[in-house]
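This is what each chain is made of:
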Amino acid sequence: MQRESSAGYITRAPRSSGLADVLEILLDRGLVIDAFVRVSLVGIELLTVDLRVVIASVDTYLRFAEAVNRLDLRAVDDSRSVPDLFEKGGEEVAETKTKGAVEGGMDAIKEKIGLGGHDDDDEDDDKERSRSGSRSRGNNR
Amino acid sequence: MSRLYLYGITRPREVPQRLADQGVSLVADDGRAAVVSELDEGPVEATRRNLLAHADVVEQLHEETVVLPARFGYILEGREEALELLALPEIEQLLERHARTCELTLRGKYEESVLAEVGAGLQPLRDAYRAQPSVEVGIALGEAVGERLAGRRARDKSLVLDGLQPLVLDVVAGEPAGEFAAFDLALLVERDRVHSIEAQVEELSARLSPPLHFKLVGPLPPYSFVRLAMPAVA
């Protein structure tokens, strides 16, 4: 049972609810006495690996880069805060105008680091192909 | 002699019917009681069902009185071992310490728009990435964003801690899980001060949201405040 605060930025729950909560709140915590401990578990490693996302990964950096680009494209040298952008509806405009280009960029990246499903060894050829791909998609918008 | 799964330690009392129906019982001795259920052979599986059952038992018992929650997966070889555990002076001290406490967990998470804020000073890199969205430039930009996000995280965490410190008995800061996670705090508070924490979180949210979202869970048993550092005795 959860409720959102009136502002929508606070989630309040009286008890841990659902697996995600339980994992974050009670896993690895609780009474342990060294002399007595008999913790006998199967499967805990899998659960903790799922939970503790590796933060400093290439994949994360590329997603950050893509997101900064997307969030920012409309206001190039502008230091307005994000709420301003939302209020002026800028987000939507930027999204429509630039999505093709950004996706094209990400495709190029994915192909280069081997996530795109291509097994082409020739890097230059690969790059060339995805660049033209991003152009044509951009023009479709 | 059957093995016992240990949920936690409490004061002797009647087990609520719903839990008794699930096989939960107490091993009591001299004002202290282990909350247990009988266990078949083999290890405890860390399944969703088992984890939620553990939380359900200790959290329901905690609604009425003190419970020291055991770590998930804690197994006793029999009643004797339960009684040995209950006889430890440290257990009595913890029961007294937590007689009127509870834990609240407060987790902070950013919405994606935080990236636009932390990326505000990275114009040259962003221009470069836009001009040529290559892996190298992408990683350089993403790394710089990640660095600034880490700084933002540290700043917000200390603002939140400063705001809460006067209201809490103790704090344990965990490692936030996930790239948009800001902080993960376990707060030990008097049961009758939960409302003042709620009010303080509202105030913090007024200052930090957006992009920061808060999740406040509790009152919970003191999961993060029952560690004992004891020498291993034979």
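Everything discussed here concerns the structure shown above.
A quick note: this is a predicted structure, and the numbers were derived from the prediction, not measured. (Residues numbered from 1 in each chain as written. Chains lettered and ligands numbered in written order. Predicted model: local features only at pLDDT ≥ 70, side-chain atom pairs only at ≥ 80, totals over all residues.)

Engineer: Which parts of the structure should I look at to understand the packing of helix α1 (residues 18-26) of chain A against helix α2 (residues 48-62) of chain B?
Structural biologist: Two quantities define a packed helix pair, namely the angle between the axes and the distance from one axis to the other. Contact geometry of α1 of chain A with α2 of chain B gives a least axis separation of 10 Å together with a crossing angle of 65°. Of the two elements, α1 of chain A crosses α2 of chain B, and the hand of that crossing is left-handed. The segment α1 of chain A lies against α2 of chain B, with Leu19, Val22 and Leu26 of chain A engaging Arg48, Leu51, Leu52 and Ala55 of chain B. (Axes fitted to C-alpha atoms, helices over the stretch in contact; angles between N-to-C directions. Helix = DSSP H or I, 4+ residues; strand = E, 2+ residues; numbered from the N terminus. Left-handed = near helix turned anticlockwise from the far one by under 90°. Contact = placed C-beta atoms within 7 Å.)

Engineer: Sorry if this is basic, but what is going on with the pairing of strand β2 (residues 25-29) of chain B here?
Structural biologist: Each regular strand shows side chains that alternate between the opposite faces of the sheet. All names here are of chain B. Here β2 pairs with strand β3 (residues 32-39) via five bridges, running antiparallel. Residue pairing in the sheet places Leu26 in a bridge with Val35 of β3. Between β2 and the antiparallel strand that follows it, β3, lie two residues; Asp30 among them carries a positive phi value of about 55°. (Pairing = 2+ DSSP bridges.)

Engineer: Would you mind showing me how to read the nonpolar core here?
Structural biologist: Looking at soluble globular proteins, one finds that nonpolar side chains tend to be buried together. Residue and element names in this part refer to chain B. Counting residues in each nonpolar core, the largest one holds 80 residues, and the members touching the most others are Leu6, Ala34, Val35, Val36 and Val145. If you tally residues by element for this core, the top one is helix α7 (residues 135-164), at seven residues. Ignoring any residue separated from it by four or fewer positions in sequence, one finds Val35 in contact with Tyr7, Gly8, Ile9, Thr10, Val24, Leu26, Val57 and Leu61. (Core = buried A, V, L, I, M, F, W, Y, C linked by C-beta atoms within 7 Å. Buried ≥ 20, exposed ≤ 12 C-beta atoms within 10 Å, placed from the backbone.)

Engineer: Just to check I follow, could you spell out the environment of Glu90 of chain B for this structure?
Structural biologist: If you trace the backbone, Glu90 of chain B turns up in helix α4 (residues 89-97). In sequence terms Glu90 of chain B and Glu103 of chain B are 13 residues apart; their C-alpha atoms lie 20 Å from each other.

Engineer: Help me understand helix α6 (residues 123-131) of chain B in this model?
Structural biologist: Because each turn of an α-helix spans 3.6 residues, side chains separated by three or four positions in sequence point in the same direction. Residue and element names in this part refer to chain B. Every buried residue of α6 is accounted for by Leu125, Arg126, Tyr129 and Arg130. Looking straight down α6, one finds its buried side chains confined to an arc of 135°; they lie on one side. Away from its buried face by more than 90 degrees, α6 exposes Pro124 and Ala131. (Arc of directions from axis to C-beta.)

Engineer: Teacher, can you tell me more about the environment of Ser57 of chain A here?
Structural biologist: All names here are of chain A. Here Ser57 lies in the loop between α2 (44-51) and α3 (58-72). Classification of Ser57 by C-beta neighbours within 10 Å gives partly exposed; the count is 13. A C-alpha to C-alpha distance of 32 Å links Ser57 and Ala13, two positions 44 residues apart in sequence.

Engineer: Just checking my understanding: could you explain the packing of α7 of chain B against helix α8 (residues 194-208) of chain B for this structure?
Structural biologist: Residues and elements named next belong to chain B. Their axes nearest at 10 Å, the elements α7 and α8 cross at an angle of 145°. Judged by the sense of rotation from one axis to the other, the crossing of α7 with α8 is right-handed. Judged by residue contacts, Asp156, Leu159, Val160, Gly163 and Leu164 of α7 engage Ile197, Gln200, Glu203, Leu204 and Leu208 from α8. Looking at side-chain class alone, the contact of α7 with α8 contains six nonpolar, two polar and two charged residues. (Nonpolar A, V, L, I, M, F, W, Y, C, P; charged D, E, K, R; others polar.)

Engineer: I tried to follow unusual backbone geometry on my own but got confused; where do I start?
Structural biologist: Trans is the common state for peptide bonds, and a negative phi is the common state for residues other than glycine. Residues and elements named next belong to chain B. Residues Ser209 and Pro210 are joined by a peptide bond in cis, for which omega reads -25°. Secondary-structure assignment places Pro210 in the loop between α8 and β10 (212-220). With an omega of 10°, the peptide bond running from Pro210 to Pro211 counts as cis. Even without a glycine there, the phi angle at Asp30 is positive, about 55°. Turning to its location among the elements, Asp30 is positioned in the loop between β2 and β3. A tally of 10 C-beta atoms within 10 Å means that Asp30 is categorised as exposed.

Keep in mind that these numbers describe shape and distance, not what the molecule does.
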